[in-house]
Structure formats: C-alpha cells, structure tokens
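Residue-level structural notes
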Amino acid sequence: MEILVCVKRVPDTAENEIEVGPAGADIKRSDLVYSVNEWDNYAVEEALQIREKVGGSVTVVTVGDADSEEVLRREMAMGADTGVLLSDQAFKNSDGLGIAKILQGEVLKGKYDLVMTGALADDGAGQVGGMLAALLDYPYASLVNMIEVQDGKLTVGREIEGGNQEVSQIELPCVLSIQTGINEPRYVGIRGIRKVASVEIPVRGAGDLGLSPDAVGAAGARVKRVDYFVPPLGEGAEILEGSMDEQVEKLIDILKSKGGIK
Amino acid sequence: MEHLLVPPAGASFLGIPAIIFSLLIPVAGVCTFVYILTRRIAPLVMAAPDPRLDNVVGRAINTVKFAVGQYRQPRYMMAGVLHIVIFAGFCVLSLRSITLVMVGVSSDFALPGMDGFLGEVYGVFKDFVATFVLAACVTAAVRRGIFKPERYAVPPALGKEHTGEAVLILGLISGLMLADMCFEGSLAAAYLQKGMEPEALVVPGTGTWFAVQFMDQMPLAKLQRIHLGAYFAHEIIFFTFLCLLPLGKHFHVITSIPNVFLSKLKKGSVKPVKWGVPEEKVLDLESLGVKKITDFTWKHILDFYTCADCGRCSDQCPANAVGRPLSPRFISVKSREHLYKSFPIWGEPKAKVDEPLIGGIFSEDEIWSCTTCGACEAECPIFIEYIDKMVDLRRGMVDDGNVPQSLQKPLGSLEKRGNPYGIMERKRADWVKEIAEQCPVRVLDPKKGDTAPTLYFVDSITSFDEQIQSIGQSAARVLTAAGIEFGILGPAESDSGHEVRRFGEESLFMELKDRNTEAILESGAQRIVTTDPHAFNALSKDYQGLPKVEHISQVILRAIQEGKLRLKPTEDSAAVYTYHDPCYLGRHNGLYAEPRSVLDAIPGLRRVEMKKSFDRSFCCGGGGLMLFYEPVEETRMGKLRVGMARSAGANVIVTACPFCKVNIEDGIKTSGLEGKMQVIDLVELVDRHLVR
C-alpha cells in the first residue's frame, strides 16, 4: 500500500513556555524548540505498521520552510521511505484551505492509496484533513483510532462522544485523520536521525505542484488571524495560593463542597 | 606387593581383564567431556569481544580471595558454610580421585611425593574431609529437598523446580564419598579379619572407619565384591559427574574460578557499546546493543554458564522484592537454557540463535525494571554481571525504537533542553535566586573571565525540582561556610546523562557528555563537587579528561576534620537517625564511611543502622529516568525502605542523593507516616547544624 502522511512542525508545548508576541498576532518564537506535531507522529507510526503488515511504502510530506526538513528527517528515521518538503514563498501564511490545496497538489503527483493526517495540530484548527479529502473527492474518516487493512478497503474505528467506538468500512483511496493513542510510536534518537541525515529530500514549490500562487498563501487566504491574547480571568476561576500542602487541602475542600468527592 | 583382596587392576569380569574398563572409562569420560566443552565454547567464539586480561595482579588477588577463599559465601551463613565444606573437599579430594583412577591401571600407583609419610597423612586427612563432605551433602540435600528455602523457588511461568538437579548432583558427590569409603573400608576389614594392620590408617569417626565396622564380619568373597564394585562405582560416578557438569548449573564447578578471574574490575562504569570500537565510530555501527544471544560478549555468555542458580541476586534485588517482572537469577538461567537449546550437543546450531531476545525469553518490562542498583552484583559469590547486560539489552531496544512512551517524553526533552523536564535552559540557575542575598552563588561565565577553582555540578533534579532545590541551596551555604570558592555552570550545564546511558540511549548520552565536557573544561575549574551520586558516578566513570570529581560528603568530612566547618549539637532529642546508602555512592563507589562520619560529627546525634545497609543497601526506587518510568509492581521500593528504617527504630532517614530523597519522601507518604518519619539529605542536615 502506498501511504502518504502529512506532518507539521510545531512548537513543542511540553518544552516551551508559550507567550503572546508583542504584535499580538503570533507567539514569541525566539527560544522555542520545535518537534513534529504529536498526532502526526501517531499517523506515521500507524503507516509504518501497515507497511510492515502488507508492504508498500510510506512517504511523509510537510508544508513549511527549510527548518521543517528536521521533522521530515525525524519521521524518516522512524522508518518512512521518502520525505517531501513543499516549500515556496507563495505558501507563506496560507489558511487551512490553502494548506489543503498544496497537499492536494502532492497527492495528485503520486499514486497514493491512503492519505493520513494527524487529527489536529498543537497550533492548528483540525481542518486540513477534511478539506483535503473534499478537494480530492476521497472518502474521509476523522479521529481514527483503529485501522485494519482489507482488500481495497479499510475497517476503521473512530472515537465518538463519551469514549464510545464506532467502526466503519471505508473504500480506498481515502483520507484518514489519526487520533493519538492509536498505537505506541517508536522512539527516534540522535543516532536514527544521523543515519538519514544525508538522504536527499526533494523540495517542491507552487510551480511543481501546478498551483497558481494566488490560490495559496496570504494571497489566497480567506481566513486571516487578527489577534492572539491570554483570556482575562473569568468568573469562577480561582488560582490556589500557598504551599503545596495548603493548595492540596484547599482543592480537596472545593471538590468536597461541589460534590466532586465524598 | 601381595594383596589380600584382588585390586581393580588385577581383577577380571567374565574373563575380561578389569584393567580394560579402568582404561576405557576414563578415556570415554574425558573424550565426552572435552567434546561437550568444545560445543559449549562455540557460542563464545561467535560472541562480542570483551578484553579481560588487564591488571592480572588484581585479578589474581580477586581469584584467591573470592574464588578460592569463597569470601562472599558466608553472606548466607548456612548455605555458605555447606558450600565451603564441599568446595574445600573438592580441592582436597581431587588428588584422591586422580590417584583412584590411576590405581585401576597400576595397583600401587601414588602421586609424586605421596608414597611415603606425606601420603599417609593425606590418607587420614582425606578420610576426615570425605566424611565432612558427605555430611555437608546430606545436610544440603535435606535443606534443598525437604526445607526448600524460598529463594530456590521457580515461578510457575518459568518452568519446574530445579531441586531435582541439585539433589542429583549432591547424590553423585555423596556417591563418590561412599564409594571410596567402601573401597578402602573393605580392604581394611579384610586385613583386620586376618589380624593384620591395614595398609592405610583408619581413624575412628571417619566414614571409612564406619564402613569397616559395618563390614568386619563379612566373608572375604563378599568384601572382594564390595571392593571392586565400589571402585568401579567410583569410576563411573566420577566421569558421569564430570560430563554432567557442562550440561546444567553445575558448570560453575569448572567455570567459576575463571569467571572470578575475568570479572569486571571498574565498578560503577558501563561497558562501551562495543569493545574495540572508538567512540566516534560507535554511532556508525550497523546495530547497537544486544538483540540476539550472540550479541552478548563472550564473558557475559560465560556468566550464563557460570550461574549456580543460588538465587542470592534475586533475593537482594529490589525490583524482585516489589514484584516487578525481573529476577536477575532468571536473566542468567533463561539465557543459559536458550544457549543450550540454540547450540545443542549434537548437530548444527539451531535457527533459534538469531531469534530476538526481547519478546522471546525476555519481556520489555523485565529489562526496564532494573534500577542498576548493583545489589545483585554485590551479592553474587562468583561475580556474575547484570548491569552491563541490562544496559546492552536496553541499547538494543532503543536502537529498534522500542522505548516505553513514559520515557520518550523525558528523552526528547533531554535532547532539546538538556533536562528531562523540558524546562528552558535559561532557567537552570533559577534556584540560586532565592538565596541570592544570604548566600550569593556565582554562575560562571568563563568568556568574561569569571571562573572559580571549584565547580559545583548541580545536575537536573537539583536545578529544577522544587522539592529538591533545597539540597542545592544547602550545598551552597555549606560550601561557602567551609570557605570554598565555587561557582555553577547554570544554563551551560546539561544533564549528566547518567541514566540516559544506563537506559541505553548512548547517542543522546554522548551528546550530553560532549556539551558538559566542553562547559566544564571551559569553566577553568580544578575540581568538581556534586551533591548527586548519579552525577558523581557519571562524571568520574563515564566522562574522560575532567578535573577531579568529589561527592560533597567527602568535601564536608575533610572540612570538619580541618576545623573549617563546625557543627552544633542536635536540638531534637527524640530523633533517631539512620543513614540510607545511595547505590551510586555506596555500592558503586565505596563511599560508606564518609557520610556516616559526617553524621557522627554532629554532637548528640543518635544513629542506628538498618539491617540492609552498606553494600546490602536497598535501592529507593532508582534515579534519573527511573522516576519517569511506569513500572509494573505490587509496591514501591521507597515504601519498603521506609519500613526497614522504621523497624531499625529510626524516625529520620538521612540520605545523600536527591533521588533517594524523592523516593523515600514518596514512601513515607504512601505508608501514611507523614509527621512520624522524615527524610533529609546529608547536606541539608549539615546546613541545619552549621555554627555560622
């Protein structure tokens, strides 16, 4: 099975203190460390496991600048066969639809049976997977947490409200957005990345993908971010003060008084 | 010489001269034995290299003390004494056995120098020894077969009890003793019946003497049959025993002396990924670590052969004690069984040889369960190594990307931020801000010429963990009070990588080591002091070319002795202190006395010892990445440790390691003993008692 996994480089929320930047429409980016978006990592692991079972290949693709190459290398160190970087000045400040169009260009260049994305990104809106499927006119399943490969189709499990599970069959080719917890992604260390350090990663721009520069990037964006702010303290929110023990005491009192614990 | 009874060399069975058997049995026995040995050597040849011939003098001393002298045996008194008797008996009686084998060919054979008075003395001596050995074997067999000490039990998942093999071997040894007693006794009885003095002196109380008493009325023909029967029984048992040795756990009879000679000398260190491969080439290796059985080094395979299945390692193993799926004994036993099945006595090696060990004989959790505390290695009478094997197996898993999710996050953070918590580098020295007024700590900046003779290497937990930062702050005050000019690296410091390495992530460890080495050398410090035994061990054993590294307990003791630090009497008269030996200070670095002397320098301090202390200290639960690992276990090591301190009558546990403090603190809480028990770091305690 030929699988394409779309990944994204994001600031690692576990290892950064995110602050809103002075302009207000972005976060402070100096001092940040980046990693591959957690959901995407699960998608790549799932793709690798499918490849181990039924054969084929796994390609990872990302839309970004030259720095984004590092997440491609990390996923290739996990075992992805090929990495493709979609990079062009014209792609800058694309909205979700723009990103989906760029990815569509790459999907159409290859012969992929299965396209996977993470269900959402740490800094995203969870929209690209669905849009990409619509642009391609492929069937789509979101929040997938189980995949079984059958002949020409897949059985997929989806997480639905209340932790319930829904099982569907979906025809190939299709697009799936992957939920965390579907598997246990393998570890990649420095050595793994070093091994793929010299592998050539093709870079494709708007022209290679047959995209008009006006359709993507800031020019094509119909959603524009206007503000970032830390919400003001609302009613009912309380920050507990005092030593650790005092805070725990207070928390227990609150939980008791609200009926959370007895 | 005339013989009252026909000797084996002169007898015949069904017309065949017995001398033929006397020649055939040894030749067949030795040939079989040599053949089996060559089969056993096959995997050693395929295994990884492991240089073990440095420091021959030190090795020889170890061999004399631990192998010949059986130094560690009495740590388990009953079994130890029995073993010493049987071992000593083996040494003494080997001469007798050789003589007996030769007597089958030449009746009057004596070893050189043994045909005169010396031989007579030996004859009496060996009678006593054989009697003791027989008594020891019977006692041991009763102990194993009837009383069944718990540490020999085999969990049902791992197969049947090993009692049968143990008792069989004890039976064979007893058989050898009895055979010789009957062989010699029958001859002596024949002489006595004729009113003559026996050739060999029979001293009352020996087994031979009892045999004589038993046989003194027997007709000569019967004595003759016993004489020859006993002789050939001895022959057959002797060579059966010899050939059985390399088939089971009694291989140790042959391998343990070389195993002790070849044992690891540098405690606390970790073997390189592959011996003979320079560090800069390590990451280019095709595969890292141990994945299949022959990836182990030849010495580690010799360890597997050598394991005597005594269970002392597992009896001391804290992971085993809390019900984690790890029993060091079965790391050896399962590996040996795997080797024996992979390299059968007959035929080609099986395909099994290349089967992955993880998911085969070992489970992932089993290998991650080890805290590398070293209790098993400190206990093993024949110096079987476990930590390096664990590390090698983990290297293999890391190389395959097979790392628990709970460890992937901290490893990622270590790579990106130099600490397992993912906190930004620039906050590494934030803990000094709180004490900036009373005790300013310099963050060294060598580029601006800001250096200090002593570098305090803080490491991650003391830098970032809010409950532990107090250790760093106390250290700063104590070092200042002792008049030591020091500084810290601050943001330029990275995690020492001690557990990164011991968890098998060699490439990340090398990265951290390079970062730290550069920062430390740049700092211009001539000495490094640390409060963290893990950092202490890493910097002194895993790093190269650094200035001298000391643990703060050494620095404090010296300052006290030189009168630079003065301590005031304890205020709390109800407090009873006990010192918990951190694994990487005690067992791995031999620092037992220094921290205790510091404690005893506090006037009026009452101190008791826990039953498990010094090199039998019980691990608190492990440091570094072990704090992030989510083990499968029934209870916590820290909790058990708190219980031990309590039974010793202590209410304050003093340790000298930040991780011990965390784990024991947890243990106190989960035992519901908050307010009744306390844990404090040695440095904090000294800080509290400083005469300023």
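Please read these numbers as outputs of a predicted model, since none were measured by experiment.

Rules behind the numbers
Residues numbered from 1 in each chain as written. Chains lettered and ligands numbered in written order. Predicted model: local features only at pLDDT ≥ 70, side-chain atom pairs only at ≥ 80, totals over all residues. Helix = DSSP H or I, 4+ residues; strand = E, 2+ residues; numbered from the N terminus. Buried ≥ 20, exposed ≤ 12 C-beta atoms within 10 Å, placed from the backbone. Contact = placed C-beta atoms within 7 Å. Pairing = 2+ DSSP bridges. Axes fitted to C-alpha atoms, helices over the stretch in contact; angles between N-to-C directions. Core = buried A, V, L, I, M, F, W, Y, C linked by C-beta atoms within 7 Å. Left-handed = near helix turned anticlockwise from the far one by under 90°. Nonpolar A, V, L, I, M, F, W, Y, C, P; charged D, E, K, R; others polar. Domains from an automatic or database assignment. Parallel < 35°, antiparallel > 145°, perpendicular 65-115°, else oblique. Expected span 1.5 Å × (residues − 1). Right-handed = clockwise from strand over helix to strand, strands pointing away. pLDDT = per-residue confidence, 0-100.

Remarks on the overall build of chain B
Along chain B, the regular secondary structure elements total 27 helices and 11 strands. When its C-alpha atoms are laid out on the principal axes, chain B stretches across 100 × 60 × 45 Å. Per-residue burial for chain B yields a buried fraction of 47% across its 692 residues.

A look at the overall build of chain A
In terms of regular secondary structure, chain A is built from 7 helices and 11 strands. Expressed along its principal axes, the backbone C-alpha trace of chain A runs to roughly 60 × 45 × 40 Å. Long-range pairs, those at least 24 residues apart, make up 70% of the contacts in chain A with a sequence separation of at least 6.

What about the sheet that holds strand β8 (residues 577-579) of chain B?
All names here are of chain B. If you walk across this open sheet you meet the 4 strands as β9-β8-β10-β11, and the pairing is parallel. Edge positions in the sheet fall to β9 (607-608) and β11 (678-681), since each has one partner strand and no second. In this sheet, strand β10 (residues 652-655) lies alongside β8 in parallel orientation, the contact comprising 3 bridges. Note that in β10 the partner of Y579 across the bridge is V654. Taken strand by strand, helix α24 (residues 593-600) contacts β8, β9 and β10, and its axis lies near 165° from that of β8.

Focus on the nonpolar core
Ranked by internal contacts, the top residues of the largest apolar core, which has 188 residues, are A:V5 and A:L103. With 7 residues, the top contributor of residues to this core is helix α1 (residues 38-54) of chain A. Ignoring anything within four residues of it in the chain, the contact list for A:L103 reads A:C6, A:V61, A:V63, A:V128 and A:L132. With 38 residues, the next largest nonpolar core counts B:L82, B:A130, B:A179 and B:A188 among its residues.

Quick look at the packing of helix α1 (residues 18-46) of chain B against helix α10 (residues 298-306) of chain B
Residues and elements named next belong to chain B. At a closest axis distance of 8 Å, the pairing of α1 and α10 adopts a crossing angle of 145°. Note that α1 runs across α10; the crossing there is right-handed. Only W298, I301, L302 and Y305 of α10 make contact with α1, whose side of the interface consists of R40, P43 and L44. Along the lines of polarity and charge, the residues of the contact of α1 with α10 split into 6 nonpolar, no polar and 1 charged.

Concerning the domain arrangement of chain B
Buried accessible area, meaning the area lost when the parts come together, often serves as the stated size of an interface. Along its sequence, chain B is organised into domain 1 (8-48 + 69-247), domain 2 (279-399), domain 3 (414-561) and domain 4 (577-688). Computed over C-alpha atoms, the centres of domain 1 of chain B and domain 4 of chain B are 49 Å apart.

Considerations on the packing of α10(B) against helix α13 (residues 328-342) of chain B
Residue and element names in this part refer to chain B. Orientation of α10 relative to α13, taken along the N-to-C sense of each, is 100°, at an axis distance of 8 Å. Between α10 and α13, the angle falls in the class roughly perpendicular. Of α13, the residues touching α10 (which contributes I301, D303, F304 and Y305) are S332, S335, R336 and L339. Here the contact of α10 with α13 is built from residues that sort into 4 nonpolar, 2 polar and 2 charged.

As for unusual backbone geometry
Residue and element names in this part refer to chain A. Here the amide bond leading from L172 into P173 is cis, since omega sits at -10°, within 30 degrees of zero. The topology assignment puts P173 in the loop between β9 (164-171) and β10 (174-178). A positive phi angle, near 60°, is found at D137, a position not held by glycine. The residue D137 is located in the loop between α4 (128-136) and β7 (140-150) in this model.

So, the interface of chain A and chain B
Taken together, the contacts link 16 residues of chain A with 20 residues of chain B. The element that contributes the greatest number of residues to the side of chain A that touches chain B is helix α5 (residues 190-195) of chain A, accounting for 3 residues. Here the residues of the side of chain A that touches chain B are counted per class, giving 6 nonpolar, 2 polar and 8 charged.

Quick look at the sheet that holds strand β7 (residues 548-551) of chain B
Sheet strands associate in pairs through backbone hydrogen bonding, adopting either a parallel or an antiparallel arrangement. Residues and elements named next belong to chain B. With respect to topology, 5 strands assemble into an open sheet ordered β3-β5-β4-β6-β7, the strand pairing being parallel. The open sheet is flanked by β3 (442-443) and β7, the only strands paired with a single partner. In this structure, strand β4 (residues 454-457) lies alongside strand β5 (residues 486-488), joined through 2 bridges in parallel fashion. Each residue of the ladder has a partner; that of T454, found in β5, is F486. Sitting on the sheet, helix α22 (residues 533-542) touches β4, β6 (527-530) and β7, and the angle it makes with β7 is about 160°.

Notes on helix α26 (residues 658-670) of chain B
Residues and elements named next belong to chain B. Given a rise of 1.5 Å per residue, 13 residues ought to cover 18 Å, and the 18 Å separating the end C-alpha atoms of α26 matches this to within 8%. Among all positions of α26, only P658, F659, C660, K661, V662, N663, I664, E665, G667 and I668 are buried. For α26, the secondary structure elements touched by its buried residues are α18 (460-464), α19 (469-481), α22, α25 (637-647), β10 and β11. At the C-terminal side of α26, G672 shows a positive phi close to 65°.

So, the environment of A:G210
Within the secondary structure, A:G210 sits in the loop between β11 (203-204) and α6 (217-220). Along the chain, A:G210 and A:E45 lie 165 residues apart, while their C-alpha atoms are 30 Å from each other.

Observations regarding the pairing of β10(B)
Residues and elements named next belong to chain B. Both faces of β10 are covered, namely the face carrying V652 and V654 and the face carrying I653 and T655. Sheet topology note: the β10/β11 ladder contains 4 bridges and is parallel. Looking at the pairing, V652 lines up with Q678 of β11. Running through α26, the crossover from β10 to the neighbouring parallel element β11 is right-handed.

Things to note about the pairing of β7(B)
Residues and elements named next belong to chain B. With 4 bridges joining them, β6 and β7 adopt parallel strand pairing. Directly across from I528, in β7, lies its bridge partner V549. Of the crossover connections in this fold, the one passing from β6 over α22 to the parallel β7 is right-handed.

Overview of helix α17 (residues 405-417) of chain B
Residue and element names in this part refer to chain B. Here α17 is 13 residues long and its end C-alpha atoms lie 18 Å apart, about the 18 Å a rise of 1.5 Å per residue gives. Along α17, the residues classified as buried are L407, P410, L411, G412, S413, L414, E415 and R417. One or two positions beyond α17, positive phi appears at G418, with a value near 75°.

Structural notes on the confidence of the model for chain B
When pLDDT is averaged along chain B, the result is 95, and 100% of the positions lie at 70 or above. For this predicted complex, the interface score ipTM comes out at 0.87, alongside a pTM of 0.94.

Things to note about the environment of A:K250
Mapped onto the fold, A:K250 is located in helix α7 (residues 244-257). For the pair formed by A:K250 and A:A215, sequence separation is 35 residues and the distance between their alpha carbons is 55 Å.

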